[in-house]
Amino acid sequence: MTAPATRPTLRAALSQEQPLQVAGTINAYAALLAQKAGFRALYLSGAGVANASLGLPDLGLTTLNDVLEDLRRIVSASELPVLVDIDTGWGHAFTIARTIREMERAGAACVHLEDQVAAKRCGHRPGKALVSPEEMVDRIKAAVDARRDPEFLVMARTDAIAVEGVEPALERACRYREAGADLIFPEAVGALEEYRRFKEATGLPVLANLTEFGRTPCFTLDQLREAGVSLALYPLSAFRAMSQAALTVYRAIREEGTQKGVIGLMQSRAELYEILGYHEYERKLDELFQKKETP
Ligand SMILES: C[C@](O)(C(=O)O)[C@H](CC(=O)O)C(=O)O
Ligand SMILES: [Mg+2]
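Counting starts from 1 at the beginning of each chain's written sequence and moves along it residue by residue. Both sets of labels track the order of writing: A upward for chains, 1 upward for ligands. Given that the model is predicted, a residue must reach a pLDDT of at least 70 before its local features are reported, and side-chain atom pairs must reach 80 or more before they are shown or counted; all residues, however, enter totals for whole chains, interfaces and linings. Water and hydrogen atoms were dropped before computing side-chain values, which therefore reflect all heavy atoms in the structure.

Undergrad: I keep staring at the pairing of strand β3 (residues 82-85) and nothing clicks. Help me out?
TA: Looking along a regular strand, one sees the side chains alternate between the two faces of the sheet. Classification of residues uses two cut-offs on accessible area relative to the type maximum, computed with a 1.4 Å probe and protein chains only: under 20% is buried, over 50% is exposed, and between them is partly exposed. Each helix corresponds to a stretch of at least 4 residues labelled H or I by DSSP, and each strand to a stretch of at least 2 residues labelled E; elements are numbered beginning at the N terminus. Burial along β3 is two-sided: Val82 and Val84 and Leu83 and Asp85, pointing in opposite directions, are all buried. Only when DSSP finds a minimum of two bridges between them are two strands counted as paired. In this sheet, β3 lies alongside strand β2 (residues 41-44) in parallel orientation, the contact comprising three bridges. Each bridged residue has a counterpart across the sheet, and for Leu44 the counterpart in β3 is Val84. Pairing of β3 with strand β4 (residues 110-114) involves three bridges; the strand directions are parallel. Each bridged residue has a counterpart across the sheet, and for Val84 the counterpart in β4 is Val111. Between β3 and its parallel partner β4, the chain crosses via helix α5 (residues 93-106), and the hand of that crossover is right-handed. Throughout, right-handed denotes a crossover for which the path from the first strand over the helix to the second runs clockwise when the strands point away from the viewer.

Written as structure tokens, this is what we have:
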């Protein structure tokens, strides 16, 4: 029921686990589930906010406030550091600075900022367009300059592999490091060895995005460790599974006129209450307001 006085930083989580597994959590309850499963860090996906909270595709349609609203709920419910997808930062230097301050204030541990144009696309889809390396360097400088808490980290994501190739992406990553990025996120990596190249070129911790049905194979943790990866991100894995289960249940109820055949897919009330600490809340109520039974 009570949140810890201080939330661990992302650096602290990284010192406990290598690669650090980061769980995408589309809402506060998902954050509790991931915490229960033992994750040490959470992720708020931009695609997740667009898809799950707004019913929209991941095409630069969300606003800073949309993401902040979901972030605040996750931060209130959980005790873990949260990495947040801020897409392109929603603007120019001053808007990016405002984004960073609001993210810090809302309790994010780290954000990732990307080098796509504002009319962005999912990193694993064709048709992406990038801003110049200079413009992305300005975005990073604005972000780093705006932070107040030195433990708040700025991760630079480059979408350049799919657009310009690995070599230009490596060059960009080095420039992003010089601009002050703390971590590197090479998007849409196709081969395991590429992670090591990013790590060696920049000297920074590297994130592997293991989103399913995209350009990156589902590398195992051992493979990623071997390749020098520091963070293994599963941005939408649970959301995809929940969505599939929900559709199955909705269809079964419509087609069969009863949910009996799909009860096995459901989390039980007892399990739900365990995750929520429901009985602890109930005990607290009883303790506070001892009910006198009328004879
Ligand atoms: C990581 C990502 O930025 C996200 O918003 O979760 C997406 C994930 C996806 O669309 O599968 C991305 O890789 O662009
Ligand atoms: Mg995204």
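Undergrad: When you look at the side chain of Arg172 in this model, what are you seeing that I'm missing?
TA: Mapped onto the fold, Arg172 is located in helix α8 (residues 166-178). Pairs of N or O atoms within 3.5 Å make up the polar contacts considered here, provided that, within protein, one atom can donate a hydrogen while the other can accept it, and that residues adjacent in sequence are counted only when both atoms are side-chain atoms. In this structure the side chain of Arg172 is engaged in a polar contact, spanning 3.5 Å, whose partner is the side chain of Asp115. Within the structure, the side chain of Arg172 is placed 2.9 Å from the backbone oxygen of Val131, a separation counted as a polar contact. Working rule for contacts: check all heavy atoms of both residues, and any pair within 4.5 Å makes them a contact. Aside from chain neighbours lying at most four places away, what touches Arg172 is Asp115, Leu130, Val131, Ser132, Pro133, Thr158, Ala160 and Glu164.

Undergrad: Looking at this structure, I do not really get helix α3 (residues 46-54). What am I missing?
TA: Residues spaced three or four apart along an α-helix point in a common direction, a consequence of the helix completing one turn every 3.6 residues. For α3, the full list of buried residues reads Gly46, Ala47, Gly48, Val49 and Ala50. The opening residue of α3, the one whose side-chain oxygen lies 3.1 Å from the backbone nitrogen of Ala47, is Ser45. Downstream of α3 by a residue or two, Gly55 has a phi angle that is positive, lying close to 65°.

Undergrad: What is the right way to look at the site of ligand 1 in this model?
TA: What makes a residue near a molecule or strand is one non-hydrogen atom of that residue sitting within 4 Å of it. The environment of ligand 1 is formed by 16 residues, the closest being Ser45, Ala47, Gly123, Glu187 and Thr211. Within the backbone of Gly123, an N or O atom sits 2.7 Å from an oxygen atom of ligand 1. A distance of 2.5 Å is found between an oxygen atom of ligand 1 and a side-chain nitrogen or oxygen belonging to Thr211. Protein chains shield 95% of the accessible area of ligand 1, which is 340 Å² for the free molecule. Put simply, Ala, Val, Leu, Ile, Met, Phe, Trp, Tyr, Cys and Pro go in the nonpolar bin, Asp, Glu, Lys and Arg in the charged bin, and everything else, Gly too, in the polar bin. By residue class, the composition of the shell around ligand 1 is five nonpolar, six polar and five charged. Exposure was quantified through the Shrake-Rupley algorithm and a 1.4 Å probe, taking into account, for residues, occlusion by the shown protein chains and nothing else.

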